[in-house]
Amino acid sequence: MFSCHLGKATGTPCTSALAVDAASWWYAAMSRLFSAMNRCAVVILTVALAFAVPAHAAKKRDAAGEELKAQLLAHITELADDSYEGREPGTEGEAKTLRYLGKQWFDIGLESGTNNPAHAWFAPVTVVAREPDGNRAAFTRRGKRLFLLPGSTLVLTSGKRSLIENAPVLFVGKGTAVPTRAELAGRVALLLDGGETGSARQNALLEAGASAVMTVLDDPDQTLENIAARRSRKGYALASEELGGDLEVYITAAGLDRLLAPVGQSTASLHALAESPDFAPRSLDLAATLEATTSETRINTHNLIGKLPGRKPDGKAVLLLAHWDHFGRCSPPPAEDQICNGAIDNASGLAVLTETARRLAKGPPMDRDVYFLATTAEELGLLGAQAFAENPPVPLDQILAAFNIDSVALGPAGQPFAVVGKGMTRLDPAIAAVAKAQKKKIAPGEAVNAYVRRQDGWALMQHDVQSVMISSSWSDIARVEAFMEGDYHRASDGLKPGIELGGAADDVQFLVALSRWFADPRKVPAPAK
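These numbers come from a predicted model, not from an experiment.

Reading the values: the criteria
- Residues numbered from 1 in each chain as written.
- Predicted model: local features only at pLDDT ≥ 70, side-chain atom pairs only at ≥ 80, totals over all residues.
- Heavy atoms only, no water.
- Core = buried A, V, L, I, M, F, W, Y, C linked by side-chain atoms within 4.5 Å.
- Buried < 20%, exposed > 50% of the residue type's maximum accessible area, 1.4 Å probe, protein only.
- Helix = DSSP H or I, 4+ residues; strand = E, 2+ residues; numbered from the N terminus.
- Contact = heavy atoms within 4.5 Å.
- Disulfide = S-S within 2.5 Å.
- Polar contact = N/O pair within 3.5 Å; in protein donor to acceptor, adjacent residues only side chain to side chain.
- Arc of directions from axis to C-beta.
- Patch = residues over 30% accessible without salt bridge, like charges linked within 9 Å, V, L, I, M, F, W, Y side chains within 5 Å.
- Areas by Shrake-Rupley, 256 points an atom, 1.4 Å probe, with all protein chains shown as cover.
- Salt bridge = Lys/Arg side-chain N within 4 Å of Asp/Glu carboxyl O.
- Lys, Arg positive; Asp, Glu negative; His and termini not counted.
- Charge placed at Lys NZ, Arg CZ, Asp CG, Glu CD.
- Axes fitted to C-alpha atoms, helices over the stretch in contact; angles between N-to-C directions.
- Parallel < 35°, antiparallel > 145°, perpendicular 65-115°, else oblique.
- Left-handed = near helix turned anticlockwise from the far one by under 90°.
- Nonpolar A, V, L, I, M, F, W, Y, C, P; charged D, E, K, R; others polar.

For the rest of this paragraph, the subject is the nonpolar core. Among the nonpolar cores identified, the biggest contains 78 residues, and Phe 372 and Phe 518 are the most heavily contacted of them. Looking at this core, the element that brings in the most residues is helix H13 (residues 502-518), giving 10 residues. Those residues in contact with Phe 372 that sit more than four places away from it in its chain are Trp 105, Leu 110, Leu 304, Ile 305, Gly 306, Lys 307, Leu 308, Leu 320, Leu 353, Ala 357 and Leu 360. Counting residues in each nonpolar core, the second largest holds 27 residues, with Leu 146, Ala 167, Leu 190 and Ala 212 among its members.

Attention now moves to unusual backbone geometry. Put simply, Pro 333 and Pro 334 share a cis peptide bond, and its omega is 10 degrees. For Pro 334, the position within the fold is in the loop between strand S12 (328-329) and strand S13 (339-340). Cis geometry marks the peptide bond from Asp 345 to Asn 346, where omega comes out at 10 degrees. Following the sequence through the fold, Asn 346 ends up in helix H8 (residues 343-362). Even without being a glycine, Glu 85 presents a positive backbone phi close to 50 degrees. Position of Glu 85 among the secondary structure elements: in the loop between helix H1 (11-79) and helix H2 (92-108). Given the relative accessible area of 33%, Glu 85 is considered partly exposed.

Two cysteines, two sulfur atoms, one covalent bond between them: this is a disulfide. Using the criterion set out here, one finds one disulfide in the structure. For Cys 330, the disulfide goes to Cys 340, at an S-S distance of 2.0 Å. Between Cys 330 and Cys 340, the S-S torsion sits near 90 degrees, and that sign places the bridge as right-handed. You can see Cys 330 sitting in the loop between S12 and S13 and its partner Cys 340 sitting in strand S13, a full 10 residues away along the chain.

With that settled, consider the side chain of Glu 291. Considering the arrangement of structural elements, one finds Glu 291 in strand S10 (residues 282-308). For Glu 291, a relative accessible area of 15% corresponds to the buried category. Polar side-chain contacts of Glu 291 include one of 2.7 Å to the side chain of Arg 136. Within polar-contact distance, the side chain of Glu 291 engages the side chain of Arg 161 at 2.9 Å. Contacts of Glu 291, omitting those with residues within four sequence positions, involve Gly 134, Asn 135, Arg 136, Val 155, Arg 161, Ser 162 and Leu 163.

With that settled, the discussion passes to helix H6 (residues 253-260). Along H6, the residues that are buried comprise Gly 255, Leu 256, Leu 259 and Leu 260. In an axial view of H6, the angular spread of the buried residues amounts to 130 degrees, which keeps them on one side of the axis.

In this section: a negative patch on the surface. A surface patch of like charges, here negative, comprises Glu 78, Asp 81, Asp 82, Glu 336 and Asp 337. Looking at the element boundaries, Asp 337 is found in the loop between S12 and S13.

Glancing now at the packing of helix H10 (residues 428-437) against H13. Think of two packed helices as two axes; the pair is described by the angle between the axes and how far apart they sit. Taken N-terminus to C-terminus, the directions of H10 and H13 make an angle of 120 degrees; their axes are 10 Å apart at the nearest point. Judged on the interaxial angle alone, H13 and H10 are oblique. Judged by the twist between their axes, the crossing of H10 over H13 is right-handed. Residues Ala 430, Ile 431, Ala 433, Val 434, Ala 435 and Ala 437 of H10 touch H13, and the partners they reach there are Phe 510, Ala 513, Leu 514, Trp 517 and Phe 518. Its residues placed into classes, the contact of H10 with H13 shows 11 nonpolar, no polar and no charged.

Pasting the structure below:
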């Protein structure tokens, strides 16, 4: 390096050195400045991206959520329209409903799930509607006919025609203890009414082998007229080739007194016997001939069954279901609104079922088959689900899990999920695992199990299918009860402005996650045989 202290002879070189050093310093300083600025820009960009990416993702999720709610609303609007006339089985409303759902499912990419080329997509279900037609009761003692005043008895059957002749009568008291099958077989069980409501005791005696159950109307508030009025309504069942059915008999206390008087007995004396701590069923010196008939109307209806076939089927499947039917015209003229449209019950469930199918079809193929079932005649006694269980497209033991969807457009988004059937199946641990993975909460308690017998999953549970109903709308029991006490099964259950669909949209996302979980053999291995 040149020195600045070498005298005149070196003056010029010293000036040049200073210029060079100044340029070098400036260049180095600028380089450090631009480097720092670059590092700062990178940091700023990184921070900006850190905020921008979640914001973009959130915006995308919000848009997808709004799209889903719009799709749900479109289905409900269509299916709850007056042109569907309340979606009653066996009517043009049924045909219109199944055409709409069938087209939606086909366009989504589902294929027929009936596994029956003769009945692709639509599985026939025959329902019979029965009304009491005729009845008679006759009694004998040691072959001698006993006379009863008209209006002393009422005989009813669950079949087309039922008849028993000269069957001995067995007094079973209040029915708190059910006799053995050997004691009941071929006999008429005589039961004291005691003012108890319901038919659990009568059903238990019939299931235990009684040929008929005769209930004594010993409560002043219980009359033959009341029972006749209540039982004159249509009863529904799946069609059967069997002619007979259960026989139920009701007899007034005065009528029974007349039958027992010749042997020194009465309704009061039977009460005293029943109150004895060592009471045991005893035969009465009495035989009964009973007959009842019904008039029958047949309804030809259908379940709709679709399927997403698995890419690696292992003989196991997942089932999602919702009932399509409702009550049709449920209010007679001159009511202004005569149609029960069933917007909540259950156009909302069909909407959730359809949009769950759409998202499963759009996503990666699943290993196992997933079936989609829209049942008929749920409102008539879970008959469509029962028909599916009696004639399934796959053996029922192949269905790992069934998820029913019913009346779900009730609650807002962000609620915990209620499980109707919680603690009653083997599904709870896997449901909890999916909820954890999805950062969702399962509602505590089992209060909603009060409704477990009132939904299609119950019919499947009677055939040992692991079935539950999961919905965020059902986590608030007060909200559910308000619906049950208000619009439920009324013409007022129509599409209302501002219908709440946030919870229904949450249900779709959770059902998608549940379906994928149970359709994955790595998550849910097939049970060992």
